[in-house]
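# Working through the structure, step by step
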Amino acid sequence: MSKFRFLAEILREQGILTNENEYNPEPLSLTTLMQAHDPGYVQRFIRGELTALEVKEIGLPWSEWLVERTLRAVSGTLLTSELAFQHGLACHLAGGTHHAHPASGSGFCIFNDLAVAAFNLVATDKAKKVLILDCDVHQGDGTIAFFEGREDIIPVSWHCEENYPAIKKTAGINIPIPKGTGDSDYLDILKETLPNILQEYQPDFIFYDAGVDVHQDDRLGYVNLTDNGILERDKYVINACMTLNIPTACVIGGGYDRQEEKVAWRHSLLHQAANQVWNEHLK
């Protein structure tokens, strides 16, 4: 999808993405990937051996380019987590494929970068308690499927209650957002829930999925946030994490519009918010 290229171009024009703060991920270790995902599923996807039904469920036609993009995006989330440890905050220009399950893909998601990176942090003893804060408009059902019954990686999902997937997961922490919710009410829900969650679980690392399909013009959203509402949401979440000195890795999540430049602009709000909060904390 060209939205990724458009996003980079927008951030360069804004002076947020520069040669000094741009990092390129290495090829993904399949061993790391298979620590989270079923090895057979991984191998069949890479070889182009998924069934027609599996490809239909994912919603993207298989190609060698898709394999490269998918693996590189997951590697990017791993790199983003490393940079977050070094600097306190880091943002990916992709990621947030939260509908991918351990042995299957779904909803435009093939591998679950959030799950792969969270597993890696715990397996390498870099973190003992990881929170995955998911503000995509759709429930992160795939992410939840990885961590049912675990106490070291906790998925938290703020999602539109009347949206995909039709059958919601009940594990993890789920905060339903009513259909049609606007800027003010959405932010109120965040302020009523996020501080308590951070206090109760006291994570030492956070992943933040800043999906922009909550936008009022999104084709698949059903929630009515404006550009400013998304910016304020992201500033609030990032500031809450940074104030507690919790390393935070951000990914862009979902966003759907027939004009990909518009989606890219909405995704750039995450990086604008991170840039603003970062500069405030430097003062």
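Quick notes on the rules
What you see as residue numbers is a count from 1 along each chain, following the sequence as written. Totals for whole chains, interfaces and linings use every residue, but because this is a predicted model, local features are given only for residues with pLDDT of at least 70 and side-chain atom pairs only at 80 or more, for both listing and counting. Based on all heavy atoms of the structure, the side-chain values leave hydrogens and waters out of the count. Helix numbering and strand numbering both begin at the N terminus, where a helix is a DSSP run of H or I of at least 4 residues and a strand a DSSP run of E of at least 2. Atoms counted for the radius of gyration: C-alpha only. Globule rule: 2.2 Å times the number of residues to the power 0.38. Under the scheme applied here, a residue whose accessible area is under 20% of the maximum for its type counts as buried, over 50% as exposed, and between as partly exposed, the area being computed with a 1.4 Å probe on protein chains only. Positive: Lys, Arg. Negative: Asp, Glu. His and the chain ends are not part of the count. Where a charge lies is defined by one atom per residue type: Lys uses NZ, Arg uses CZ, Asp uses CG and Glu uses CD. In this description, strands pair whenever DSSP reports at least two bridges between them. Look down the strands so they point away from you; if the path from the first strand over the helix to the second goes clockwise, the crossover is right-handed. For this analysis, a salt bridge means a side-chain nitrogen from Lys or Arg found within 4 Å of a carboxyl oxygen belonging to Asp or Glu. An axis is simply a line fitted to the C-alpha atoms; with a helix, the fit covers only the stretch in contact. Between two such axes, the angle follows the N-to-C directions and lies from 0 to 180 degrees. Relative orientations are named as follows: roughly parallel for angles under 35 degrees, roughly antiparallel for angles over 145 degrees, roughly perpendicular for angles from 65 to 115 degrees, and oblique for any other angle. The contact rule is simple, with two residues in contact once any of their heavy atoms fall within 4.5 Å. Basically, the charged four are Asp, Glu, Lys and Arg, the nonpolar ten are Ala, Val, Leu, Ile, Met, Phe, Trp, Tyr, Cys and Pro, and anything else, Gly included, counts as polar.

Once that is clear, we can look at the overall build of the protein chain. For the protein chain, the helix and strand inventory stands at 10 helices and 6 strands. Expected size for 283 residues packed as a compact globule is a radius of gyration near 19 Å; at 17 Å, the protein chain falls within 12% of this value. Overall, the C-alpha framework of the protein chain stretches about 50 × 40 × 40 Å when taken along its three principal axes. For the protein chain, the residues scored as buried account for 54% of the 283 residues in total. In the protein chain, the 23 positive side-chain charges and the 39 negative ones have mean positions that sit 2 Å from each other.

Along any regular strand the residues' side chains alternate between the sheet's two faces. Where burial is concerned, most of strand 3 (residues 153-160) is hidden: 8 out of the 8 residues are buried. Covered by surrounding structure in strand 3 are Ile153, Pro155, Ser157 and His159 together with Ile154, Val156, Trp158 and Cys160, the residues of both alternating faces. Sheet topology places strand 2 (residues 130-134) next to strand 3; 5 bridges connect them, and they run parallel. Considered in strand 3, the bridge of Asp134 is made with Ser157. Note on the crossover from strand 2 through helix 7 (residues 141-147) to strand 3: the handedness is right-handed.

What follows concerns the pattern of salt bridges. Taken as a whole, this structure holds 9 salt bridges when the rule is applied. Among the ionic pairs, Glu54 bridges to Arg44, the shortest N-O distance being 2.8 Å. Here Arg44 lies in helix 3 (residues 39-47) and Glu54 lies in helix 4 (residues 52-58), a separation of 10 residues in the sequence. The salt bridge partner of Lys235 is Glu232, with a shortest N-O separation of 3.4 Å. Taken together, the residues Lys235 and Glu232, both in helix 9 (residues 227-243) and 3 residues apart, mark about one turn of the helix. The class for Lys235 is partly exposed, based on a relative accessible area of 22%.

A few words now on the packing of helix 8 (residues 183-201) against helix 9. Contact pair helix 8 / helix 9: the axes reach a minimum separation of 10 Å and the direction vectors enclose 10°. Taken together, the axis directions place helix 8 and helix 9 in an arrangement best described as roughly parallel. Across from Asp183, Tyr186, Leu187, Leu190, Lys191, Leu194, Pro195 and Leu198 in helix 8, the residues of helix 9 making contact are Gly229, Glu232, Arg233, Tyr236, Val237 and Ala240. For the contact of helix 8 with helix 9, the residue count by class is 9 nonpolar, 1 polar and 4 charged.

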